[in-house]
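Fold and geometry: a report
Read off the chains here:
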Amino acid sequence: MIKKRKSMREQVYEFLKKKIVRGEIEEGSRIVEEEYSEKLKISRTPLREALRMLELEGLVETREKGGVVVPIITKNDVEEILKIRIALETLILEEVVEKFTREDFEKLDENLKKTESIIEDDDKASEVFSYFSEFNKLIYEVSGLPRIVTLINNLNLYLKRFRKLSSLDSSRRKRAHFEHKKIIECMKNGNKKEAIEINRAHLMESKEFLINLMKHRDNK
């Protein structure tokens, strides 16, 4: 197999994307071309191309007077993103109930067991977040709807930093894990309608939690 080497543009794009998603480049910050070209020791051309790619994903905005800025996520953004995610995940669940195999359920059960073994441990909150992400990924893969999965993954990028913060809250972790177990229980019983309703309620609770986090941020 011949592996294509990543272009400079792709490398810069991935570097900046990771920094933005992790919150290392903060919301409202300007990305100054001169500063980053010097920092990364590259010309401005691949940097500009990378910024255009990030702009297409909504991770940066070009403003007339402010240059390139990482947008501040608002309450309205969270409302819209979660509404879209509910609609897309409903399509996923509609599809997967009939497709799940015994092996698929075994993988999900193993994920739930691993999560439960550390759910009480505040020091392992980031690991719990990883298991939550894996849980979703396992379900998405069974759906056979790659375009919808791509849309969901792109939406989640906007909220990843806030979702990670929510995993620090012990009660929210436990509640999310309980809801995941209920969804799988319904899917095993072929109860698609109830699985969809539980998932909808799960995402609505996530929305309220994220909005409260943002209120706390805005009041600082």
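Computed from a predicted model, the values in this text were never measured in an experiment.

As for the packing of helix α5 (residues 102-118) against helix α6 (residues 125-143)
- In contact at an axis separation of 9 Å, α5 and α6 are set at 170° when each is read in the N-to-C sense. Regarding the angle of α5 to α6, the classification is roughly antiparallel. Residue-level contacts link D104, K107, L108, N111, L112, K114, T115 and I118 of α5 to E127, V128, Y131, F132, E134, F135, L138, I139 and V142 of α6.
- Grouping the amino acids of the contact of α5 with α6 by side-chain chemistry returns 10 nonpolar, 2 polar and 5 charged.

Some remarks on unusual backbone geometry
- Its identity as a non-glycine residue notwithstanding, K41 has a phi of 55°, on the positive side.
- Considering the arrangement of structural elements, one finds K41 in the loop between α2 (33-40) and α3 (44-56).
- Since its relative accessible area comes to 74%, K41 is described here as exposed.

Here we look at the pattern of salt bridges
- Applying the stated rule across the entire model yields 25 salt bridges.
- Notably, a salt bridge pairs D109 with K188, separated by 2.9 Å at the nearest N-O pair. Taken together, the residues D109 in helix α5 and K188 in helix α8 (residues 170-188) connect sequence positions 79 residues apart.
- R172 is paired through a salt bridge with E205; the nearest N and O atoms lie 3.2 Å apart. One end of the pair, R172, is in helix α8; the other, E205, is in helix α9 (residues 192-218), and 33 residues separate them in sequence.

Describing the nonpolar core
- V78, I92, V96, F100, I139, I184 and M187 are the most contacted members of the largest nonpolar core, which has 36 residues in total.
- Counting only elements with at least two residues in this core, the list comes to α4 (75-96), α5, α6, α7 (146-166), α8 and α9.
- With 8 residues, α4 is the largest single contributor of residues to this core.
- The residues contacting V78, other than those within four sequence positions of it, are I73, L159, K207, L210, I211 and M214.
- Counting 18 residues, the second largest nonpolar core, distinct from the first, contains L16, I42, V70 and L157.

Brief notes about α9
- For α9, spanning 27 residues, the distance from its first C-alpha to its last is 39 Å, which sits close to the expected 39 Å at 1.5 Å a residue.
- Those residues of α9 that fall on the buried side of the exposure criterion are A195, I196, I198, N199, H202, L203, S206, K207, L210, I211 and M214.
- Of the surrounding secondary structure, the elements contacted by the buried residues of α9 are α4, α7 and α8.

Description of the packing of aromatic side chains
- Counted under the stated rule, the structure contains 1 aromatic pair.
- Ring plane angle 20° and centroid distance 4.8 Å describe the contact between F100 and F105, whose orientation is recorded as stacked. Taken individually, F100 and F105 each receive the classification buried, so the pair is uniform in this respect.

Rules used throughout
- Sequence order sets the numbering: in each chain, residues are counted from 1 along the sequence as written.
- Owing to the predicted nature of the model, reporting of local features is limited to residues with pLDDT of at least 70; listing and counting of side-chain atom pairs is limited to 80 or more, with chain, interface and lining totals taken over all residues.
- Here the side-chain values reflect all heavy atoms present in the structure, with hydrogen atoms and water set aside.
- Inter-axis angles, ranging from 0 to 180 degrees, are taken between N-to-C directions of lines fitted to C-alpha atoms, where helices are fitted over the stretch in contact.
- Numbered from the N terminus, helices here are DSSP runs of H or I no shorter than four residues, and strands are runs of E no shorter than two.
- The labels follow the angle: roughly parallel below 35 degrees, roughly antiparallel above 145, roughly perpendicular from 65 to 115, and oblique for the rest.
- Two residues qualify as a contact provided that any one of their heavy atoms is within 4.5 Å of a heavy atom in the partner residue.
- Classification used: nonpolar for Ala, Val, Leu, Ile, Met, Phe, Trp, Tyr, Cys and Pro, charged for Asp, Glu, Lys and Arg, polar for all others including Gly.
- Under the scheme applied here, a residue whose accessible area is under 20% of the maximum for its type counts as buried, over 50% as exposed, and between as partly exposed, the area being computed with a 1.4 Å probe on protein chains only.
- The salt bridge criterion pairs a side-chain nitrogen of Lys or Arg with a carboxyl oxygen of Asp or Glu, the two atoms within 4 Å.
- For our purposes a nonpolar core is just a set of buried Ala, Val, Leu, Ile, Met, Phe, Trp, Tyr and Cys residues, chained together by side-chain atoms within 4.5 Å.
- How far a helix is expected to stretch is found by multiplying one less than its residue total by 1.5 Å.
- Within 6.5 Å between ring centres, the rings of Phe, Tyr and Trp (the latter by its six-membered ring) count as paired, and their orientation is classed by plane angle as stacked under 30 degrees, edge-to-face over 60, tilted in between.

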